[in-house]
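Read off the chains here:
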Amino acid sequence: MDGIDGNGKSTQIKLLKEYLEHQDKEVFLTSEPSTSEHGKKIENLLRRKEASRLSKKKWVELFTLDSKENIKEIKIALQENKIVLCDRYYYSTLAYQLNEKEWQAYSEQFLKPTIVFILDLPVPIALERVKEKYKLTGEKKAYFEKLSILRAVRKKFLLLPNYLSDNIKIIKGDMPIKKISEDIKKEVDLLIKK
Ligand code: ADP
């Protein structure tokens, strides 16, 4: 599950996990930034002033280390026949940090998922959701959660299927939670049947 902040990734992953577990499937959940040393460093940087001074190279380096750490856990879960659901993966690094020319080579470093859902919605709606969520959690806004940045990132997420052979499904994210969940489940059911 990927896409811009506030598009409903964690909401949908939770629902999908419940759906699969209801069918007695074992599910392993990951999220990036992860709880690894690199993930914690990223989380910490994202909410500090220095974030704007960090170079693209440094961000890519940090996110790459975190994704690679995550893959170790993913491989173990797959060996145990679990279904792995990822709340963000390398697609975020492609859309947030890298340009189209860099996508193919960068993605070759990672284990490809069977299916990728990119939840797409207008940035102002996503930012409003993020704002409401932070009112409840007390979290501070992260560096990339700005209209101008997310507008460019959203466009890049939408371009990913044109550049990569990965099985990417763009799902409309400005709909009721239940409707989005039904759309995702339909795709997952098709995969399970195969
Ligand atoms: P993300 O993990 O992508 O940042 P979340 O799943 O945490 O997004 O959703 C951000 C906020 O928006 C949460 O408060 C969530 O309850 C709300 N939300 C998620 N999906 C929808 C939706 N389809 N319609 C309205 N609000 C939503």
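Placed above this text is the structure.
This text gives an overview of the structure that appears in the document.

Now for the overall build of the protein chain. Secondary structure summary: the protein chain contains eight helices and four strands in total. If you list the helices and strands of the protein chain from N to C, you get α-β-α-α-β-α-α-β-α-α-β-α. Radius of gyration (C-alpha) of the protein chain: 16 Å, near the 16 Å computed for a compact globule of 194 residues. Dimensions along the principal axes, computed over C-alpha positions, put the protein chain at roughly 50 × 35 × 35 Å.

Taking 1.5 Å of rise per residue, the 24 residues of helix α3 (residues 56–79) would be expected to cover 34 Å, and the 34 Å separating its terminal C-alpha atoms lies within 8% of that figure. Listed in full, the buried residues belonging to α3 are Trp-59, Val-60, Leu-62, Phe-63, Thr-64, Asp-66, Ser-67, Asn-70, Ile-71, Ile-74 and Ala-77. Buried residues along α3 sit against β1 (27–31), α2 (37–46), β2 (83–87), α4 (90–96) and α5 (100–107). Phi for Asn-81, located one or two positions after α3, is positive at around 65 degrees.

It is worth spelling out the packing of aromatic side chains at this point. Taken as a whole and assessed by the stated rule, the structure comprises 13 aromatic pairs. Look at Tyr-106 and Phe-110: their rings are 5.1 Å apart centre to centre, the planes differ by 50 degrees, and that puts the pair in the tilted class. Taken individually, Tyr-106 and Phe-110 each receive the classification buried, so the pair is uniform in this respect. Connected via pairs of aromatic rings, a cluster forms that spans Trp-59, Phe-63, Tyr-96, Tyr-143, Phe-144 and Phe-157.

Definitions and limits used
- Each chain carries its own residue numbering, running from 1 in the direction its sequence is written.
- The predicted origin of the model limits local features to residues at a pLDDT of at least 70 and limits the giving and counting of side-chain atom pairs to 80 or more, whereas totals for whole chains, interfaces and linings rest on all residues.
- Heavy atoms from the whole structure form the basis of all side-chain values; hydrogens and water molecules are not counted.
- Secondary structure counts use DSSP, requiring at least four H or I residues in a row for a helix and at least two E residues in a row for a strand, with both numbered from the N terminus.
- Radius of gyration: over C-alpha atoms. The globule rule applied is 2.2 Å multiplied by the number of residues raised to the 0.38 power.
- In this scheme, a helix's expected span is set at 1.5 Å multiplied by one less than its residue total.
- Exposure categories follow from relative accessible area, calculated using a 1.4 Å probe and restricted to protein chains: below 20% of the type maximum is buried, above 50% is exposed, and the middle band is partly exposed.
- Residues are treated as being in contact if the distance between any of their heavy atoms lies within 4.5 Å.
- Aromatic pairing here means that ring centres of Phe, Tyr or Trp (its six-membered ring) are within 6.5 Å. Orientation follows from the plane angle: under 30 degrees is stacked, over 60 is edge-to-face, and everything else is tilted.

Taken by themselves, the reported measurements are silent on function.
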